[in-house]
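Descriptive analysis of the structure
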Amino acid sequence: MSARILCTTWRRQGRTFGPPLRDMYGAEVQYVHALQRAGGTVYLTPEPSPRTPASPTLAGFDGLVVIGGEDLAAEVSGADPGDVGENASADRDRWEMALIQAALDEDVPLLAICRGLQLLNVVLGGTLLGDISGSSAAHPPVSADTETALAFRHQVRFVSDSLAARCYGVAAKPTNSLHHQAIGAVGSGLVVTGRADDGVVEAAELPGHRWCLGVQWHPELMPDDPREAAVFTHFLAACTD
């Protein structure tokens, strides 16, 4: 029986064929396909009504994936409100932080991608850098067009014998870079195990937890890279152990 994976969703405003919709929930198919290829059965959890407890929602699932998406709200991250995008949602942030806390409390394997890593850090008392775009060649301005942004690569160097290094099987590798915010002060217990050449935190993990890894890039957007696929395989192996 395949592992049951709970996956968060983004929340955005937008328009379909008719009038504007105030709230839209979803997840890019690349996350789902990456998890399915690794052997998981994926379930999506949109932000629920207020005061819904996270622990019962997570009950019965073998792993949690917190996906990328909008910036963290300023009141959650402490970042300058001027650095935060228009679709930030404190309600979404708090719901996903509650799911992360439940996963940590119940020792459920956790894979945190991009904003997911940032949320994990905040849950553990860390801080966020509001805008690093254009600060170095490793992190270009976010004004780049979509095709250029998706094609961009920079090196990430891993700490030897870390969970990240074991998943990827190399000391360093090129990754994509689609974020303009990043970890500032590191949260309690979280260990940085991957950095870009400019020093920005790109991978972090929580020793002592059954399996907990956060990456700042988007492995699901590099499906032809076997090393990026391997992180999902390692995660699913922990979920079925």
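Overview of the structure.

Close contact between helix H4 (residues 90–105) and helix H5 (residues 115–123) brings their axes to 9 Å; oriented N to C, the two are set at 70°. Compared by their axis directions, H4 and H5 come out roughly perpendicular. Facing Arg92, Asp93, Glu96, Met97, Ile100, Gln101 and Leu104 of H4, the residues of H5 in contact are Arg115, Gly116, Leu119, Leu120, Val122 and Val123. Looking at the contact of H4 with H5 residue by residue, the classes come out as seven nonpolar, two polar and four charged.

Across the five residues of strand S12 (residues 201–205), five count as buried, placing the element largely inside the fold. As judged from the four bridges shared by strand S11 (residues 191–196) and S12, these two strands associate in the antiparallel manner. The partner of glycine 194 across the bridge, within S12, is alanine 203. Hairpin remark: S11 followed by S12, antiparallel, with four residues in the connecting loop; positive phi at glycine 199, about 95°.

A few words on the packing of aromatic side chains. Taken as a whole and assessed by the stated rule, the structure comprises five aromatic pairs. Each ring, one from tyrosine 43 and one from phenylalanine 61, has its centre 5.4 Å from the other, and the planes form 70°; the classification is edge-to-face. One end of the pair, tyrosine 43, is in strand S4 (residues 40–45); the other, phenylalanine 61, is in the loop between helix H2 (54–58) and strand S5 (63–66), and 18 residues separate them in sequence. Residue tyrosine 43 is classed as partly exposed on the basis of its relative accessible area, which comes to 32%. When its relative accessible area of 16% is taken as the criterion, phenylalanine 61 is described as buried. Measuring from ring centre to ring centre gives 5.4 Å for tryptophan 211 and phenylalanine 235, while their planes differ by 55°; the resulting arrangement is tilted. Here tryptophan 211 is found in the loop between S12 and strand S13 (212–215), whereas its partner phenylalanine 235 is found in helix H8 (residues 226–240), with 24 residues between them in sequence.

Conventions and cut-offs
- Residues numbered from 1 in each chain as written.
- Predicted model: local features only at pLDDT ≥ 70, side-chain atom pairs only at ≥ 80, totals over all residues.
- Heavy atoms only, no water.
- Axes fitted to C-alpha atoms, helices over the stretch in contact; angles between N-to-C directions.
- Helix = DSSP H or I, 4+ residues; strand = E, 2+ residues; numbered from the N terminus.
- Parallel < 35°, antiparallel > 145°, perpendicular 65-115°, else oblique.
- Contact = heavy atoms within 4.5 Å.
- Nonpolar A, V, L, I, M, F, W, Y, C, P; charged D, E, K, R; others polar.
- Buried < 20%, exposed > 50% of the residue type's maximum accessible area, 1.4 Å probe, protein only.
- Pairing = 2+ DSSP bridges.
- Phe/Tyr/Trp six-rings, centres within 6.5 Å; stacked < 30°, edge-to-face > 60°.

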